Structures are given as structure tokens and as C-alpha cells.
Amino acid sequence: MEVAEGNPKMPSDERDYALKPLDVKVVAEKTAETQAQRPTWSGQLEFILASVGYAVGLGNVWRFPYLCYSSGGGAFMIPYLTMLILCGIPLLFMEFAIGQYTRLGPVHAFAKICPLLKGVGLATVVISFVFSTYYNVLMSWALYYLFNSFGATLPWTSCNNTWNAGRNCSSGFAGNNTHMQSASQQFFDHRLLEKTSGIEKAGGLRWELFGYLLAAWVVVYLCIFKGVKSTGKVVYFTAVFPYFILFALLINNVQLPGAKNGILYFVTPVWSKLFEVKVWVNAAAQVFNSIGIAFGSMVSMSSYNKFNNNILRDALIVSFTNSFTSILAGFVIFSAIGYMAHIHNLPVDNIATDGPGLVFVVYPEVLSTMPLFQLWAPLFFFMLLCLGLDSQFATVEVAITFIKDEFGPQVLRFLKREELLTLLVCMVCFVLGIPHVTKGGIYVFQLMDHYTAVVSLVFLAFFEVVAVCWIFGVPRIALMIKRMQGQTPNIYFRLCWLVLCPMLVLCILTSSIAQYSPARYGTYTYPLWAEWVGWGVSLVSIVWIPLGAIQEMYNNKGSFLQRLKTAMTSTVDLDAEDFLPEKQNLDNPASETLFTSVA
């Protein structure tokens with residue numbers, strides 16, 4: 001489908017909509033086909049909330065606060081905001097432009113932009129699909145904690161339970177320098193996970209977690225089965241509600257004794273850290289991963305926009321809301337950690353940690369000591385559920401969009417309804433997530449996360465930026481945006497796309513390779529075969545990039561250089577006249593009725 005499909009070329013002397021009968025019929029056919037294939041968001045706010053919901057996830061709560069305090073506290077804001085402005089916002093703006101202009105998912109959009117690197121689009125679909133199979137496991141954990149937090153006492157506060165390891169259990173934090181474990185840590189390890197000694201010992205299914213995982217996928221399906229029409233309504237709640245809880249927790253936490261010390265630990269600048277290259281690379285990587293560049297989700301969601309939607313405004317709102325949420329979560333988490341340090345008379349850094357342990361071990365322990373914990377504990381875990389779910393919606397939607405774009409008519413001929421396609425995708429993801437809810441599932445989860453979200457993503461992002469910024473070219477990106485917005489992006493964006501974004505992504509890639517370390521879970525080291533499995537998971541997505549390039553070169557005709565030139569030639573239609581809906585009047589219901597009736 002060409003880019004201009006559904007957007008007829010209109011000579012200037014016909015801008016009063018006085019189309020000839022033949023033109024009306026052509027427009028009707030194209031418009032009807034486009035509308036059938038690509039619905040749109042009911043309103044601009046739905047798209048913004050869906051994008052914010054996707055970008056703002058669990059990583060904002062558990063990753064950013066720890067990264068901030070370990071990378072210079074308040075001083076980390078300088079590299080973080082610098083990378084947001086130089087890399088995050090321009091690349092998000094670019095992905096929004098690609099999706100909205102082409103009205104295609106990432107696979108077909110990148111195939112048009114740069115046929116040589118069309119594998120980038122398929123790689124984004126694969127990485128999002130793999131990510132969605134294990135990310136929902138976190139939702140099953142959140143559900144488990146949510147339903148265990150309604151009792152008169154919280155089950156992770158005591159050492160007098162059947163799952164506790166007697167003499168090694170401490171009712172509080174014993175510090176990092178002893179062999180003791182907190183009751184909260186033992187609840188996570190021995191009650192929630194029933195953790196085995198390693199990945200080689202699966203230990204059978206955790207049937208409770210299996211049930212919660214199934215429930216999580218049922219919730220996801222019910223929220224997305226009608227496509228953007230249902231997702232757009234759900235995100236009004238899932239994207240907004242967490243902010244009420246975060247602000248309520250912050251107001252509560254800052255009144256607790258010791259909260260000030262925790263916040264100071266979080267924000268006190270260590271200026272010497274600014275001279276460490278690693279801190280700047282960490283800042284760029286955090287911006288990149290948090291916004292969700294290269295997952296294909298932003299391209300997919302923006303492909304459901306109306307053609308003249310203000311994507312620059314949306315990119316700014318999503319980027320700054322995401323960063324604001326990270327900083328807000330940092331104050332919430334570290335005010336609570338300061339309170340715990342005060343209670344147990346420990347240094348803050350003995351309690352602070354990152355990853356799932358922060359929200360499933362440290363914070364539950366904090367909640368158990370708060371006044372009115374019966375209120376705060378359920379609200380906190382429900383907030384985690386909301387944060388995770390709208391990120392999950394977007395990643396699942398990438399796979400569904402690809403299938404509808406590529407195999408739409410054939411699939412619908414077999415399944416009859418699009419709802420059944422969504423159900424099938426959710427069922428496959430659920431089945432592939434089952435290994436994560438075995439008793440050794442935490443090791444599978446950590447392995448998948450390390451090789452998907454760390455290794456694969458950086459490679460993929462680099463090739464995406466090369467394909468769009470250098471091969472497709474900044475002038476073409478600017479022209480696409482001018483067609484949609486009526487004006488060319490300013491020199492700042494063009495400079496970022498041409499030089500700064502590719503260089504920064506290359507720095508992240510180089511640093512990731514130089515600092516590569518095998519996956520670990522705590523003190524557990526994975527066996528060699530597990531490392532190979534991890535690399536296999538990485539290659540599942542990355543391999544499509546060279547395969548796509550080889551296939552494209554093979555299909556082209558002529559000498560090697562001629563084939564290469566053809567493969568690097570974009571097929572995006574940039575010659576169409578004004579597409580703006582106010583000139584087409586396609587948003588007018590009377591016009592739509594006319595077009596449909598003529599067709």
C-alpha cells in the first residue's frame with residue numbers, strides 16, 4: 001500500500017472539494033480501504049495517554065532512582081536531561097513521524113524507508129513479542145502481592161512462617177554484610193517464587209503464579225481486543241491513576257522520620273561523577289530504554305493517528321512526562337528507604353537496590369511498617385499493575401499490527417474476526433511465558449531480560465538510526481514532517497538526526513560491548529549452556545537485519561552496486577500534494593457518507 005493511499009492528490013484549482021465523479025469514486029475506494037485497514041484513535045488525548053502509559057513503566061520505579069543515586073545523585077540530572085534533549089526527544093519525534101506518515105506498522109514502514117535494512121522492522125516486532133512473553137510475569141507477581149496484602153497483617157513481615165529459613169531470617173534489614181535475610185526477601189524467594197538453586201532445576205510449576213499469569217493475560221486481552229478503540233478508553237485510567245498513588249505516597253512518606261535523609265541521599269550531587277564516561281552512557285541508555293525507542297511500539301501506535309496530528313507536541317509531552325515520573329518515583333522510593341534506614345539504624349546504601357528486588361522486596365518491607373499499611377500496600381501493588389499493563393498493551397499491539405498489515409485478509413478469512421487474532425496472540429504469549437512461572441522461573445526471567453532488553457535492543461537501535469537518519473536521510477524526514485505539520489522541523493532536530501543521535505547510539509553500542517558481562521542473578525552464575533541460550537534469544541531478533549539485507553540484494557537485478565543502490569532507495573511516496581485533512585475534508589461525516597455511497 002502506497003503512503004498516499006486514502007489521501008488523494010488534489011490540484012490547487014480543486015481545493016473547494018468540487019471533485020469530478022471519477023475522482024470521488026477513486027477517493028472513495030482508497031479511503032474505504034484505508035479506513036478498513038487502519039482505524040484511528042478516537043481523540044488526540046487517547047494517543048498521548050497510550051504513549052505515556054507505554055513509556056512510563058516499572059523501570060521508572062525500580063531502575064531510574066537507583067541509577068540516579070549511584071551515578072552522582074543530583075549531578076546525574078545534567079547528563080540525563082542532556083541526553084533526553086539530544087537523543088530521546090528527536091528519536092521519539094522521528095518514530096512518531098514514520099508511523100503517522102506511512103500509517104503502517106514498523107515492518108512495512110521500515111521496508112519502505114530503507115529496503116536494505118527492512119529487517120529492522122521485523123526485528124522490532126520480534127523483540128517486542130519476546131519482551132511481552134516475559135514482561136507479564138511481573139504482572140502475575142504484582143497480582144500475587146496485591147491479593148496477599150488484604151489481610152490483618154502482611155505475610156512478609158514475620159519469620160514465623162512455614163517458608164522461612166529459621167535462623168537465617170531477620171524481621172528487619174540486617175544489612176549487606178551479614179548472612180541474614182529479611183523476612184521480605186524470604187517471602188519473595190521461598191513463598192512467591194519457591195526458588196530452586198539454579199536454572200538447571202525447573203522444579204515444576206508454581207500453580208498459583210500460573211493462575212495469576214493467566215489472569216494477567218485475560219486482563220490484557222479484555223483491554224486490547226477491540227484494538228485502539230478499546231485500548232484508547234482503558235489508558236484514561238491505567239495511565240492517569242498511578243500519578244494519584246505516587247503523589248499520595250510522596251505526601252505520606254515525606255512525613256515519616258528519616259525521609260529527609262533518604263531524599264538527600266538521592267539528590268545530593270557528586271560532581272566528580274560527571275567526569276566518568278560510564279555515567280553519560282548510563283544516562284543515554286536510560287533515556288533510550290525508558291521512552292521505548294526501537295521496540296516498534298511508538299511506530300505502531302502513531303500509525304493509528306490522523307495524518308495532521310501534532311506529533312512534535314506529543315513527543316515533548318511524552319518525553320517530559322516520562323522523565324518527571326522517573327524523578328517523582330525517585331522521591332517516593334528514597335523517602336521510604338530513608339525511613340527504613342532510620343528504623344533499623346542502617347546506612348541508606350545498605351537498603352537501596354535496583355531491579356525487581358526494589359519493588360517486591362524492599363518496598364513491601366517499607367509498607368509493612370507504615371501507618372495504615374492496609375491502605376497503602378494494596379494501592380502500591382495496584383499502581384504497579386497499572387504501570388505494567390499499559391506498557392504491555394503497546395508491546396502486544398506491535399505483533400498484532402504486523403499480522404494485520406502483512407496477512408490481514410488471509411487471517412480474517414480464517415479467523416473471521418479481529419478479536420480472535422488478538423486472542424490467539426495473547427494465548428501464544430501466555431504459553432511462552434509458562435517457563436517463567438516454574439520454581440526455577442526467576443533464572444529464566446533474568447536471562448531473557450538481560451539478553452533481550454540489554455543486548456538485542458542496543459544493536460537494533462543502532463541499525464534503526466542508521467537506516468532512517470543516514471540512508472533514508474534527514475531531508476526526507478523533514479519533508480515527511482512538512483507534509484503533515486505544514487512546516488519543516490527546525491535546525492536543532494535536523495542536526496540531532498544527522499549527527500548527534502547516530503553518534504550517541506554508537507557510543508552506547510560501543511560501551512555496551514566494552515562493558516559486557518554475562519547475565520547473573522544475585523550471586524548465581526549461569527552455566528555455559530544457559531549463556532548460549534541467551535545469545536540465541538538475542539539472535540532471534542537481530543538475525544532478521546542481515547537476512548533482510550541479503551534477501552533484498554538477492555531479489556534486485558543488475559551488478560552488485562546497482563543492487564545496492566536499489567536496496568538503499570526509499571519507496572515512500574514523498575511527491576503527493578497536500579495531505580492535510582482540512583483540505584480533504586475526510587473528517588466530515590457527510591463527506592465520508594458520500595465517499596462510501598459512491599463506492
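Rules used throughout
- Residues numbered from 1 in each chain as written.
- Predicted model: local features only at pLDDT ≥ 70, side-chain atom pairs only at ≥ 80, totals over all residues.
- Heavy atoms only, no water.
- Helix = DSSP H or I, 4+ residues; strand = E, 2+ residues; numbered from the N terminus.
- Buried < 20%, exposed > 50% of the residue type's maximum accessible area, 1.4 Å probe, protein only.
- Contact = heavy atoms within 4.5 Å.
- Areas by Shrake-Rupley, 256 points an atom, 1.4 Å probe, with all protein chains shown as cover.
- Core = buried A, V, L, I, M, F, W, Y, C linked by side-chain atoms within 4.5 Å.
- Expected span 1.5 Å × (residues − 1).
- Bend = angle between axes of the 7 residues up to and from the residue.
- Patch = residues over 30% accessible without salt bridge, like charges linked within 9 Å, V, L, I, M, F, W, Y side chains within 5 Å.
- Salt bridge = Lys/Arg side-chain N within 4 Å of Asp/Glu carboxyl O.
- Polar contact = N/O pair within 3.5 Å; in protein donor to acceptor, adjacent residues only side chain to side chain.
- Phe/Tyr/Trp six-rings, centres within 6.5 Å; stacked < 30°, edge-to-face > 60°.
- Axes fitted to C-alpha atoms, helices over the stretch in contact; angles between N-to-C directions.
- Parallel < 35°, antiparallel > 145°, perpendicular 65-115°, else oblique.
- Nonpolar A, V, L, I, M, F, W, Y, C, P; charged D, E, K, R; others polar.
- Disulfide = S-S within 2.5 Å.
- pLDDT = per-residue confidence, 0-100.

Peer 1: Please give an account of the overall build of the protein chain that cites residues and values.
Peer 2: Looking only at helices and strands, the protein chain features 25 helices and 4 strands. For the protein chain, the residues scored as buried account for 57% of the 599 residues in total. Look at the contacts in the protein chain between residues 6 or more apart in sequence, and 83% of them connect residues 24 or more apart. For the protein chain, the computed accessible surface area is about 24300 Å², with 66% contributed by carbon and sulfur atoms.

Peer 1: Any chance you could break down the nonpolar core for me, citing the residues and the numbers?
Peer 2: Core analysis: the largest hydrophobic core is formed by 192 residues, its most contacted members being Trp141 and Phe360. At 25 residues, helix α19 (residues 441-485) tops the list of elements feeding residues into this core. Setting aside its immediate chain neighbours within four residues, tryptophan 141 contacts Phe188, Leu192, Leu193, Leu209, Pro356, Phe360, Ile442 and Phe445.

Peer 1: Tell me about helix α5 (residues 77-102), and please be specific about residues and values.
Peer 2: For an α-helix the count is 3.6 residues per turn, leaving residues at separations of three or four pointing the same way. For α5, which comprises 26 residues, the first-to-last C-alpha distance of 36 Å matches the rise-based estimate of 38 Å (1.5 Å per residue) to within 8%. Taking the largest bend as the criterion, α5 deviates by roughly 40°, centred on leucine 84. A large share of α5 lies buried, amounting to 21 of its 26 residues. Just past α5, the residue arginine 103 takes up positive phi, approximately 55°.

Peer 1: Before we move on, could you go through a nonpolar patch on the surface and cite the residues and values that matter?
Peer 2: On the surface, a cluster of nonpolar side chains totalling about 620 Å² of accessible area is made up of Trp470, Ile491, Leu495, Leu498, Val499, Met503 and Leu506. Per-element accounting of the nonpolar patch gives the leading share, 6 residues, to helix α20 (residues 491-514). With respect to the helices and strands, tryptophan 470 occurs in helix α19. The class for tryptophan 470 is partly exposed, based on a relative accessible area of 42%.

Peer 1: Kindly report on the side chain of serine 71, identifying the contributing residues and their values.
Peer 2: Structurally, serine 71 can be placed in the loop between α4 (64-70) and α5. At a separation of 2.9 Å, a polar atom in the side chain of serine 71 contacts the main-chain carbonyl oxygen of leucine 67. For serine 71, the residues in contact, after removing those within four places along its chain, are Phe76, Lys273, Val279 and Asn282.

Peer 1: Can you tell me about the pattern of salt bridges, naming the residues and giving the values?
Peer 2: The tally for this structure, following the rule as stated, stands at 11 salt bridges. Measuring nitrogen to oxygen at the nearest pair gives 3.7 Å for the salt bridge that ties aspartate 189 to lysine 195. Aspartate 189 sits in the buried class, given a relative accessible area of 2%. Given the relative accessible area of 27%, lysine 195 is considered partly exposed. Across the pair lysine 404 and glutamate 418 runs a salt bridge whose closest N-O atoms are separated by 3.4 Å. Of this pair, lysine 404 sits in helix α17 (residues 373-415) while glutamate 418 sits in helix α18 (residues 418-433), and the two are 14 residues apart along the sequence. Given the relative accessible area of 33%, glutamate 418 is considered partly exposed.

Peer 1: Describe the packing of aromatic side chains, and please don't skip the residues or the numbers.
Peer 2: Evaluation of the coordinates by the stated rule reveals 46 aromatic pairs. With a centroid separation of 5.6 Å and 85° between ring planes, the pair formed by tyrosine 134 and phenylalanine 445 is classed as edge-to-face. Separated by 311 residues along the polypeptide, tyrosine 134 in helix α7 (residues 119-147) and phenylalanine 445 in helix α19 bring together distant segments of the chain. On the basis of relative accessible area, tyrosine 134 is assigned to the buried category, the value being 1%. Note on phenylalanine 445: relative accessible area 3%, which makes it buried.

Peer 1: Explain the packing of helix α2 (residues 44-55) against helix α10 (residues 228-238) to me, using residue names and the numbers behind them.
Peer 2: Across the interface, α2 lies against α10 with an axial gap of 9 Å and an inter-helix angle of 70°. In terms of orientation, α2 and α10 fall into the roughly perpendicular class. In this structure, α2 contributes Leu45, Glu46, Leu49 and Ala50 to the contact, and α10 contributes Val228, Gly232, Lys233, Val235 and Tyr236. Of the residues belonging to the contact of α2 with α10, the class tally is 6 nonpolar, 1 polar and 2 charged.

Peer 1: Can you break down α20 residue by residue, with the values?
Peer 2: An ideal rise of 1.5 Å per residue puts 34 Å on 24 residues; α20 measures up with 33 Å between its terminal C-alpha atoms. Along α20, the helix axis deviates most sharply at tryptophan 497, where the bend reaches about 50°. Buried residues of α20: Phe493, Cys496, Trp497, Cys501, Pro502, Leu504, Val505, Ile508, Leu509 and Ser511, and no others. If you follow the buried residues of α20, they end up packed against α5, α13 (277-291), α15 (311-344) and α19. Taking the backbone nitrogen of tyrosine 492 as reference, a side-chain oxygen 3.1 Å away marks asparagine 490 as the first, capping residue of α20.

Peer 1: For the state of the cysteines, give the residues involved together with the corresponding values.
Peer 2: One pass over the full model with this rule turns up 1 disulfide. The disulfide that involves cysteine 159 links it to cysteine 169, with 2.0 Å between the sulfurs. Here cysteine 159 and cysteine 169 share a disulfide; its torsion about the S-S bond, -80°, makes the bridge left-handed. Highlighted residues: cysteine 159 in the loop between α7 and β1 (169-170) and cysteine 169 in strand β1, separated in sequence by 10 residues. Owing to a relative accessible area of 9%, cysteine 169 belongs among the buried residues under this scheme. Lacking any disulfide linkage, cysteine 501 is separated from the closest cysteine sulfur, that of cysteine 87, by 4.8 Å.

Peer 1: Tell me what's going on with the confidence of the model for the protein chain, and back it up with residues and numbers.
Peer 2: In the predicted model, the protein chain carries a mean pLDDT of 84, and the fraction of residues at 70 or more is 88%. Mean pLDDT in the protein chain bottoms out at helix α25 (residues 589-598), which sits at 29, and peaks at helix α9 (residues 207-224), which reaches 95. Across residues 1-36, where pLDDT falls below 50, the model places 58 contacts with residues more than four positions away in sequence or in other chains. Low confidence marks residues 577-599, where pLDDT is under 50. Its contacts with residues over four positions away, or in another chain, come to 44 contacts.

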